[in-house]
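Letter by letter, the chains look like this.
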Amino acid sequence: MSYEWPLDPEDLFVERYPQMLRSGLTATDIREVRAAVVEMWPDAPGGWVYEWSKLAARYAADGRHDRAAAAYGWAKFPCLADEAKHEALDRQLAQYLLAAPGFGVDFERRVLRLPYRDGTTDVPVHLFTPPELPDAAPVLLASGGVDTWKMDLHSLFVFFAMQTGVRLLAFDIPGTGESAVPMRGDEGGQLVDGLIEAARKLGGGKVAHLGISMGGYYSARSGLSGAVDAALVLGGPVEHAFTEDRPWRYGMAGIIGNALGFDAPPTDAAQAEALHGFSLRPLLDKDDNAPMLVINGADDVHVPQHDTLVFAGRRGTEVALLPGTGHCATSELAQVVPRMTGWLSATLAS
């Protein structure tokens, strides 16, 4: 279930250019793709998926499988709205696996069968294990957002594994990437609970959860419920992001609509109804949380400040709302990421 919607590709370049650079692509190549792209959806010259895939194929031919995977990642961005996007994801995975010997950590791809509704669903995960890591080391679940998935955040995840001495288990949140189920309320939470249970069996039993953007919603849920031993929330929506009446920007309405499982652009009322059940207010009203670190930028256009500040004053919780930066504090990651890895190492050690 998916759909296309009116979307100006230039808006995506404006918002995501820094992220594109951090994915390992050169500024020159990004500028060339930007100059060539004039439409979002056609799989033809001038189309987003076509031009990014053209760059990816060039990288692949040169043996730069890491860059090819990154470029195919941008080709399928921001969601799997059509067959061309699905094909780009398949090619991204193929190039990613070819690049795996150079990751610098032990890498394993598994498909876990986890409880879903009254049955099960397959959840592909990627495991990153630093060299000589003890078998009893903690496991860190790691998830990105509605448009930036486990392979797109590869460098960050490897850095976390190496810096904190954990086995990192990366997955796509429901409604995104290789997930076979839509992003719907407690059903997505059920999948994460299954991942936590699986993660406890991979090491010595201690599990933490890192969530970024909408992934931060799920790590907030894990932390607030006490289901994990520590939770990091970077730019996560938890309450007002789902209930405030405000305009969506940079194509986010369509991205969210696809993740929710709609097969055509939903009405505002239908999308609001689908999102209403995501509020974590019932958990926020309790005091069962694990140690948590919650960070975001004060100028986030997607997640209101309330959804970060609501954690202030909670037991065992550190909160930072950073001025002069936006969603997930991306322009300040040089200070944010060391703070997160340092906090995680200290928290797991205690």
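Please read these numbers as outputs of a predicted model, since none were measured by experiment.

Draft legend 1. Region of the structure containing the packing of aromatic side chains. Applying the stated criterion across every chain, the model contains 17 aromatic pairs. Here the aromatic rings of Tyr3 and Trp5 are separated by 6.0 Å at their centres, their planes lie at 65 degrees, and the arrangement is edge-to-face. The same class applies to Tyr3 and to Trp5, which are both buried. Judged by centre distance (6.1 Å) and plane angle (20 degrees), the ring pair of Phe13 and Trp52 falls under stacked. Of the two residues, Phe13 is situated in helix H1 (residues 9-22) and Trp52 in helix H3 (residues 48-61); the sequence distance between them amounts to 39 residues. Each member of the pair, Phe13 as well as Trp52, is classed as buried. By the ring-pair criterion, three or more aromatic residues cluster together here, those being Phe13, Trp48, Trp52, Trp74 and Phe77. Over the face of the ring belonging to Trp149 we find Lys76, whose NZ or CZ atom lies 4.2 Å from the ring centre.

Draft legend 2. Layout of the side chain of Thr317. In this fold, Thr317 is placed in strand E8 (residues 317-322). Taking relative accessible area as the criterion, Thr317 reaches 15% and is therefore assigned buried. One polar contact links the side chain of Thr317 to the main-chain carbonyl oxygen of Arg315, over a distance of 3.1 Å.

Draft legend 3. The pattern of salt bridges, seen in detail. Applying the stated rule across the entire model yields 19 salt bridges. The shortest N-O distance in the salt bridge between Asp172 and Lys150 comes to 2.7 Å. Separated by 22 residues along the polypeptide, Asp172 in the loop between strand E4 (167-171) and helix H7 (185-200) and Lys150 in the loop between strand E3 (139-143) and helix H6 (154-164) bring together distant segments of the chain. In terms of burial, Asp172 and Lys150 fall into one category: buried. Between Glu318 and Arg339 there is a salt bridge, and its shortest N-O distance comes to 3.7 Å. Of the two residues, Glu318 is situated in strand E8 and Arg339 in helix H14 (residues 333-349); the sequence distance between them amounts to 21 residues. Overall, Glu318 belongs to the partly exposed group, its relative accessible area being 36%.

Draft legend 4. Structural detail: the nonpolar core. Membership of the largest hydrophobic core comes to 76 residues, with the highest contact counts inside it found for Trp48 and Trp52. Excluding residues that lie within four positions of it along the chain, Trp52 makes contacts with Phe13, Met20, Leu25, Ile30, Val33, Ala71, Trp74 and Ala75. Val166, Leu293, Leu322 and Cys328 belong to the second-largest nonpolar core, a separate cluster that totals 40 residues.

Draft legend 5. Expanded view of the sheet that holds strand E1 (residues 106-116). Ordered in space as E1-E2-E4-E3-E5-E6-E7-E8, the eight strands form an open sheet in which the pairing is mixed. Two strands lie at the open edges of the sheet, namely E1 and E8, each paired on one side alone. Between one strand and the next, the sheet's axes are offset by a mean angle of 20 degrees, whatever the strand orientation. Of the pairings in the sheet, the one linking strand E7 (residues 292-297) to E8 comprises six bridges and is parallel in character. Counterpart to Met292 in the pairing with E8 is Thr317. Against the sheet, H14 touches E3, strand E5 (207-212), strand E6 (230-234), E7 and E8, its axis set at about 170 degrees to E6.

Draft legend 6. Inspection of the packing of helix H4 (residues 65-76) against helix H5 (residues 83-99) at higher detail. Orientation of H4 relative to H5, taken along the N-to-C sense of each, is 160 degrees, at an axis distance of 8 Å. Of the possible angle classes, the one that applies to H4 and H5 is roughly antiparallel. Once H4 is placed against H5, the crossing between them reads as left-handed. Across the interface between the two elements, His65, Asp66, Ala68, Ala69, Tyr72, Gly73, Ala75 and Lys76 from H4 touch Lys85, Ala88, Leu89, Arg91, Gln92, Gln95, Tyr96, Leu98 and Ala99 from H5. Of the residues in the contact of H4 with H5, the class split is nine nonpolar, four polar and four charged.

Reading the values: the criteria
Residues numbered from 1 in each chain as written. Predicted model: local features only at pLDDT ≥ 70, side-chain atom pairs only at ≥ 80, totals over all residues. Heavy atoms only, no water. Phe/Tyr/Trp six-rings, centres within 6.5 Å; stacked < 30°, edge-to-face > 60°. Buried < 20%, exposed > 50% of the residue type's maximum accessible area, 1.4 Å probe, protein only. Helix = DSSP H or I, 4+ residues; strand = E, 2+ residues; numbered from the N terminus. Lys NZ or Arg CZ within 6 Å of the ring centre and 35° of its normal. Polar contact = N/O pair within 3.5 Å; in protein donor to acceptor, adjacent residues only side chain to side chain. Salt bridge = Lys/Arg side-chain N within 4 Å of Asp/Glu carboxyl O. Core = buried A, V, L, I, M, F, W, Y, C linked by side-chain atoms within 4.5 Å. Contact = heavy atoms within 4.5 Å. Pairing = 2+ DSSP bridges. Axes fitted to C-alpha atoms, helices over the stretch in contact; angles between N-to-C directions. Parallel < 35°, antiparallel > 145°, perpendicular 65-115°, else oblique. Left-handed = near helix turned anticlockwise from the far one by under 90°. Nonpolar A, V, L, I, M, F, W, Y, C, P; charged D, E, K, R; others polar.

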